[in-house]
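Residue-level structure breakdown
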Amino acid sequence: MSVKIHFLNVGAGDCTIIHFPARTRGDKSLNERIMMVDINHNPTDRNYQNVINYYKENFRDDNGSIKPIFRFICTHPHQDHICGLDALKNDPDITIANFWDLAHDFEPENYDYYPTHEADWKAYKNLTGEKSTATVIRTSREDEPGKYWNNEEDRISILSPCKELRRYAHYKEDGTKREKTKIEIDEMSYALVIQINSRKILLGGEGRTTPFWENIYTNCKDLIKNCSILKASHHGQEAGFHEDAVKLINPEYIVFSNSEKEDEDYGAEGSYKKAVPKATILKTCEPGNIVFEVPFDKSEEIVFKQVIHGQ
Ligand SMILES: [Zn+2]
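Residues numbered from 1 in each chain as written. Predicted model: local features only at pLDDT ≥ 70, side-chain atom pairs only at ≥ 80, totals over all residues.

1. With respect to unusual backbone geometry
Where we set the bar: Only DSSP runs of H or I with at least four residues qualify as helices, and only runs of E with at least two residues qualify as strands; both kinds are numbered from the N terminus onward. Partly exposed residues are those whose C-beta has more than 12 but fewer than 20 other C-beta atoms within 10 Å; with 20 or more the residue is buried, with 12 or fewer it is exposed, and the C-beta atoms are placed from the backbone.
In this model, Ser160 is joined to Pro161 through a cis peptide bond whose omega is 10 degrees. Within the secondary structure, Pro161 is located in the loop between strand S8 (156-160) and helix H5 (163-170). The backbone of Asn197 shows a phi angle near 45 degrees, a positive value even though the residue is not glycine. Note on placement: Asn197 falls in the loop between strand S9 (191-196) and strand S10 (199-203). Positive phi, close to 45 degrees, is recorded for Asn250, a residue that is not glycine. The topology assignment puts Asn250 in the loop between helix H8 (243-249) and strand S12 (253-256). Exposure remark for Asn250: the 16 C-beta atoms within 10 Å place this residue in the partly exposed category.

Below, the structure written as structure tokens:
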């Protein structure tokens, strides 16, 4: 019995899908759960995974129906993390039960960057608004401790957001509020630790070395210590690399989710290798989707396969 983690090859963006199996202990009525963290859907570019096709092919019941998304976590609503949300929301076969959002005032400056950006932003506003079809959850490190860590949930601990990072994102040093379009929403993105019995998976969010990682390193040392898999912050770029934190995390595997070009220009592979030489670095851009199986039984090894996807 294991938890499957899919890191999809979506180019300069993120899409991680975690599949928790049905419980065999504790509350056995709890069904399997699927958690999608961010989306960067590529319906036309054959170099990258079409997320919706992948979801429909891989998350299907025996009777052919598509499994629901139990929990969608939007780490932060920048374009490369919500791209395709409109298509996902409007797909008649896919449902989202819970939507994790941040408590923020950010708005995009324009929709120029990508053709579906405006539609995706509207879908995001819709999914997080009062009339949302999903249950909207806005939580933070200070929220009731262990709220998403109990047996009914999936042992999720929240590293970020927290009060301090939220304040940094919204206010300038002189105490005045940033304009909505200038809010540094990535500095309060969700970063999470998921515990699978004795193992930990760290999803590193999007923040930079300072203030984001400095804050997590200062406040969450026990939680981040010795993780099996680290999804590198900020797409594995230098901007999100924090040497002391990475040494403490001491991961067996590090995953970069980025395009080849961005990774070549900004990737921090050298810094990670120097900090944790034993870790295996895997990139979604070479050659494709990475699927881990993390067994509940600690005597069983973590296995992974990496596959070149087909659109
Ligand atoms: Zn990003």
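2. Some words on the packing of H5 against helix H6 (residues 209-219)
Just so we agree on the cut-off: Note on definitions: angles span 0 to 180 degrees between N-to-C directions of axes, and those axes are lines fitted to C-alpha atoms, for helices only across the stretch in contact. In these notes the angle categories are as follows: under 35 degrees is roughly parallel, over 145 is roughly antiparallel, 65 to 115 is roughly perpendicular, and the rest is oblique. Remark: residues whose backbone-derived C-beta atoms lie within 7 Å of one another are considered to be in contact.
In the contact formed by H5 and H6, the axes pass within 10 Å of each other and the chain directions differ by 170 degrees. Judged on the interaxial angle alone, H6 and H5 are roughly antiparallel. Facing H5, whose interface residues are Glu164, Leu165 and Tyr168, H6 presents Pro211, Phe212 and Asn215.

3. Structural notes on the environment of Asp186
Examined against the element boundaries, Asp186 turns out to sit in the loop between H5 and S9. Owing to 22 C-beta atoms within 10 Å, Asp186 belongs among the buried residues under this scheme. Through-space distance from the C-alpha of Asp186 to that of Leu165 is 9.7 Å; in sequence the pair is 21 residues apart. Sequence-distant contacts of Asp186, that is, excluding residues within four places in its chain, are made with His76, His78, Glu206 and Gly207.

4. Points about the sheet that holds strand S15 (residues 303-307)
We apply this condition: Following DSSP output, two strands are said to pair if at least two bridges run between them.
Pairing is mixed across the open sheet formed by eight strands, whose spatial order is S7-S6-S5-S3-S2-S1-S14-S15. One side of each edge strand has no neighbouring strand; the edge strands of this open sheet are strand S7 (135-137) and S15. Ignoring strand direction, the axes of neighbouring strands in this sheet form an average angle of 15 degrees. With six bridges connecting them, strand S1 (residues 2-7) and strand S14 (residues 289-295) associate as antiparallel partners. Bridge pairing in S14 links Ser2 to Pro295.

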